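Observations on the three-dimensional arrangement
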Amino acid sequence: MATEPITGAEIIVKALIDQGVEVIFGYPGGAVLPLYDALFKQNKVRHILVRHEQAAVHAAEGYARSTGKVGVVLVTSGPGATNAVTGLTDALMDSIPIVCLTGQVPTHLIGNDAFQEADTTGITRPCTKHNYLVKSVEDLSRKVHEAFYVARSGRPGPVLLDLPKDVQQAKYEYVNHAGQRHRTYNPVQKPDRAQVEKVVELMAGAKRPIFYVGGGAVNSGPLACKMLTDFIRLTGFPCTQTLMGLGAFPASDPLSLGMVGMHGMYEANHAMHDCDVMINIGARFDDRVTGRLNAFSPGSKKIHVDIDPSSINKSVRVDLPVVGDVGHVVEEMMRIWKARQVKTDQKALAAWWDQINKWRARDCLKYKASDTIIKPQFALERLYAAVKDKDFYITTEVGQHQMWAAQFLKFDKPNRWMTSGGLGTMGYGLPAAYGVQVAHPESLVIDVAGEASIMMNIQEMATLVQYRLPVKIFIMNNKWMGMVRQWQELLHGGRYSESYSDALPDFVKLAEAFGANGLRASKVSELDDVIKEMIAIKGPVMVDVAVDEKENCFPMIPSGAPHNEMLLGPEDQAAKPVSEEGMVLV
Amino acid sequence: MSDLKRRNLGIVSGVPAAIGGAGQIGESTSVKDITIERHTMSVLVDNESGVLARVIGLFSGRGYNIESLTVAEVDAAQHLSRITVVTTGTPMIIEQIKNQLQRLVPVHSVTDLTVEGPSLEREMALVKVASTGDKRVEALRIADIFRARVVDATIESFVFEMTGSTEKLNAFIGLMQPLGLSDVSRTGIVAMKRGSGTE
């Protein structure tokens, strides 16, 4: 395998090619010039020049989430690396496989407070799955390949390689280490069979079961989601999804109860609260899902399938843990279920569905329609109607619009919905959207945005224009940091401290200034035409939709409340003031 | 220590509640166990730069306690170091700590010696006592009872070296307090499983 000595930078590029990398998102600087030079001399790996390093990571996340591949980032030392920290943390929280290459000052200058020096491995240790400072060119090819292996294995996550400039320039032989067994890190894939037998036994006797499906199913791949869907259909049990799990089970299936959690569906939250057997498939009992812990699904036996043992019994004590990859576990469940010819309690299940249908009949997404002002929910309903028969991908920023998008846009396939779930990063949606678009050039990619979030990475408009990436940015402009305003209304006596965005730009002119297209919808009557035009335009489009400034996102589990005490709308909110205890929670 | 050695609930193989109606539904869920336990864990890691920072950062970042921590290379050929860490927490936290340590990439193995015991725990201290006259004589006599060794002496001071359990060291240091104790340096606990089995 060994070849003629080549430079460290060339070794890295060769390793990227051997790992099947087609595109990297990056921004050059002094400490990565040798790498950029090596990239210049080849044409297998495409480079997308971002306008801020945070965006490079989010773009790589969008790419990774929509393809299932590892997203690759290349930034310089010091500020390049520190700017990437938010993106890395975002990827860690949402378990997205990323390899981030950072330049570093030459090894002899490390620790000298050199120009553009930062302790990158120190800073990123808590926000990466693993990181490496490669001090010798001899270790380089092994560590680059190892970084890809660690990023994608087990519970995926971001891995950072810090690359001193002299290591990039030193010469050594390249060895392809792809596929080598790791000395310590070998996460369990296949479940313990006896444990799965117990799972099937518990499920078979369930009277009020529910599947609770999370991002782990999406990460396990489209095939795993297909098997899971088949299995859920075989059982006839209801299925709710987390924000990260949307699309893992088809939203249009009658068994789907939609999203669970703080702004989840009334029927999903009530079913979670009242169930007797909960089957958690790749979700992590996040606080946005559980609400008050000691009131979370008090009467149920809990099954938890997760590839990461540290997710099990972290916040909620479970009865049947299964460590393994969702695909493998579901395959085993299906096999045992069929072999045992399981007969479920049809009578109990019918009664359970009756109850669920009563909750469904509350129609929790109902809102007060208007013909004078565009309701944000209405805007999304119209957007969905326009895209649902197309090959579409959605990203979002963070806030009210994100929750409405999760409620009103339906996903029948995994990898179609990219949102910052764990970290809640404003500014995620635009770079993530073009990351998706780079991977799927012919598809319709829409960033559902708020006017506050979009400003956080607005410079990325230039990236869209440079690469002619036809991303559609659908801004639901209510002039407020909507979710902040909603919480101030709910918890802080309507004292709207700093949540109004004065001096917003004219988004149409702004889009035009970047060389993109700008559209505006201010009246209900304009909405459909604007959406139609947005989709018809071949290039990048920014749409400014003036929505109701005062609308709040419902249903909602107020902080500190259990699942069966949801607020369904403004009237409910007035009737049920939030407890003091709930106010201290986030 | 023995009263603290409560068997923890295993997570991969251990099923806390019986299946099929024997256990009362929901009895084990969402109830915070508030018993605080003290556990000694032995962590075998690759001896590479930053590995200790990774372990310590995990503890501080997630708000776990460190009562004692020792680290040194134990296998030069394989580049392996052993970290012995004494920590406290509820059974759920202890289980978390073990799983969180286990998933760090350079970690080879994590052994909860408190659970997998019986095990040995030892600590070493250097204790400087500066005094003259009766106090000096008494310090030397007590050191003899505790089988501490004198490793440095001047006309007005001794440095004792002592090895033993944490309790024994505490007792010795307590007795030296009125006899001119001036400096203490302790290694923290190192531990190992008893018998022929390895970790």
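Residues numbered from 1 in each chain as written. Chains lettered and ligands numbered in written order. Predicted model: local features only at pLDDT ≥ 70, side-chain atom pairs only at ≥ 80, totals over all residues. Heavy atoms only, no water.

Regarding the overall build of chain A
- Within chain A, the secondary structure is distributed over 24 helices and 20 strands.
- Taken along the three principal axes of its C-alpha coordinates, chain A extends 70 × 60 × 45 Å.
- Restricting to contacts in chain A with at least 6 residues of sequence separation, those with at least 24 account for 76%.
- Element-wise, carbon and sulfur atoms account for 52% of the exposed surface of chain A, whose accessible area totals about 22,000 Å².
- Separation between the mean location of the 61 positive side-chain charges and that of the 65 negative ones in chain A comes to 5 Å. (Helix = DSSP H or I, 4+ residues; strand = E, 2+ residues; numbered from the N terminus. Contact = heavy atoms within 4.5 Å. Areas by Shrake-Rupley, 256 points an atom, 1.4 Å probe, with all protein chains shown as cover. Lys, Arg positive; Asp, Glu negative; His and termini not counted. Charge placed at Lys NZ, Arg CZ, Asp CG, Glu CD.)

Thoughts on the domain arrangement of chain B
All names here are of chain B.
- Domain assignment breaks chain B into domain 1 (37-112) and domain 2 (119-193).
- On a C-alpha basis, the centres of domain 1 and domain 2 stand 28 Å from each other.
- With seven residues of domain 1 in contact, the opposing surface of domain 2 contributes six residues.
- On the domain 1 side of the contact with domain 2, Thr40, Thr70 and Thr84 bury the most area, a combined 52% of that side's loss.
- Between the two partners, domain 1 and domain 2, sit zero salt bridges. (Domains from an automatic or database assignment. Buried area = accessible area lost by both parts, 1.4 Å probe. Salt bridge = Lys/Arg side-chain N within 4 Å of Asp/Glu carboxyl O.)

Observations concerning the environment of valine 260 of chain A
Residue and element names in this part refer to chain A.
- Tracing the chain through its elements places valine 260 in the loop between strand 11 (256-259) and helix 11 (266-274).
- For valine 260, a relative accessible area of 4% corresponds to the buried category.
- As a C-alpha pair, valine 260 and glycine 247 span 13 residues in sequence and 13 Å in three-dimensional space.
- Beyond its immediate chain neighbours, meaning those up to four positions away, valine 260 contacts Tyr212, Thr240, Gln241, Thr242, Ala268, Asn269, Met272 and Val289. (Buried < 20%, exposed > 50% of the residue type's maximum accessible area, 1.4 Å probe, protein only.)

What to know about the sheet that holds strand 4 (residues 107-112) of chain B
Residues and elements named next belong to chain B.
- Spatial strand order, 2-3-1-4: four strands in an open sheet with antiparallel pairing. Here the strands that pair on one side only, and so sit at the sheet edges, are strand 2 (68-75) and strand 4. Strand-to-strand twist of the sheet, defined as the mean angle between neighbouring strand axes without regard to direction, takes the value 20 degrees.
- Relative to strand 3 (residues 80-89), strand 1 (residues 37-46) runs antiparallel, the two sharing ten bridges. Residue pairing across strands places leucine 44 opposite arginine 82, the latter belonging to strand 3.
- Against the sheet, helix 1 (residues 51-61) contacts strand 1, strand 2 and strand 3, and its axis sits at roughly 10 degrees relative to strand 3.
- Helix-sheet contacts for helix 2 (residues 91-102) involve strand 1, strand 3 and strand 4, and the interaxial angle to strand 4 is about 160 degrees. (Pairing = 2+ DSSP bridges. Axes fitted to C-alpha atoms, helices over the stretch in contact; angles between N-to-C directions.)

Points about the pattern of salt bridges
- Scanning the entire structure with this criterion turns up 31 salt bridges over all chains.
- Across the pair glutamate 146 of chain A and arginine 142 of chain A runs a salt bridge whose closest N-O atoms are separated by 3.2 Å. Here the residue glutamate 146 of chain A and the residue arginine 142 of chain A both occupy positions in helix 6 (residues 140-152), the gap between them amounting to four residues, near one helical turn.
- As a salt-bridge pair, glutamate 161 of chain B and arginine 149 of chain B come within 3.0 Å of each other at their nearest N and O atoms. Here glutamate 161 of chain B is found in strand 7 (residues 157-164), whereas its partner arginine 149 of chain B is found in strand 6 (residues 149-154), with twelve residues between them in sequence.

Focus: the state of the cysteines
All names here are of chain A.
- Applying the stated criterion to the full structure yields zero disulfides over all chains.
- Take cysteine 553: it sits in no disulfide, and the sulfur closest to it among the cysteines is that of cysteine 364, at 10 Å.
- On the basis of relative accessibility, which here comes to 0%, the residue cysteine 553 falls in the buried class. (Disulfide = S-S within 2.5 Å.)

Description of the sheet that holds strand 13 (residues 301-306) of chain A
All names here are of chain A.
- Read across the sheet, six strands follow the order 11-10-9-12-13-14 without closing on themselves; strand pairing throughout is parallel. What marks the edges here is a single partner per strand, and that holds for strand 11 and strand 14 (320-323). Within this sheet the neighbouring strands show an average axis-to-axis angle of 15 degrees, counted without direction.
- Pairing between strand 12 (residues 277-281) and strand 13: five bridges, direction parallel. Considered in strand 13, the bridge of isoleucine 281 is made with valine 305.
- On the sheet, helix 11 packs against strand 9 (209-213), strand 10 (239-241), strand 11 and strand 12 and is oriented at approximately 105 degrees with respect to strand 11.
- Most of the contacts of helix 13 (residues 326-339) go to strand 12, to which it runs at about 140 degrees, and overall it touches strand 12, strand 13 and strand 14.

Thoughts on the nonpolar core
Residues and elements named next belong to chain A.
- Ranked by internal contacts, the top residues of the largest apolar core, which has 111 residues, are Phe211 and Phe474.
- By residue number, the principal contributor to this core is helix 13, which donates seven residues.
- In contact with phenylalanine 211, not counting residues within four places along its chain, are Met203, Phe231, Ile232, Thr235, Phe237, Pro238, Cys239, Thr240, Ile279 and Ile281.
- In this structure, Ala60, Val73, Ala432 and Phe507 belong to the second largest nonpolar core, which totals 46 residues. (Core = buried A, V, L, I, M, F, W, Y, C linked by side-chain atoms within 4.5 Å.)

Comments concerning the side chain of glutamine 437 of chain A
All names here are of chain A.
- Following the sequence through the fold, glutamine 437 ends up in helix 17 (residues 429-439).
- Note on glutamine 437: relative accessible area 0%, which makes it buried.
- Within the structure, the side chain of glutamine 437 is placed 3.1 Å from the backbone oxygen of histidine 440, a separation counted as a polar contact.
- With residues up to four places along the chain from it excluded, the contact list for glutamine 437 reads Ser443, Val445, Leu469, Pro470 and Val471. (Polar contact = N/O pair within 3.5 Å; in protein donor to acceptor, adjacent residues only side chain to side chain.)

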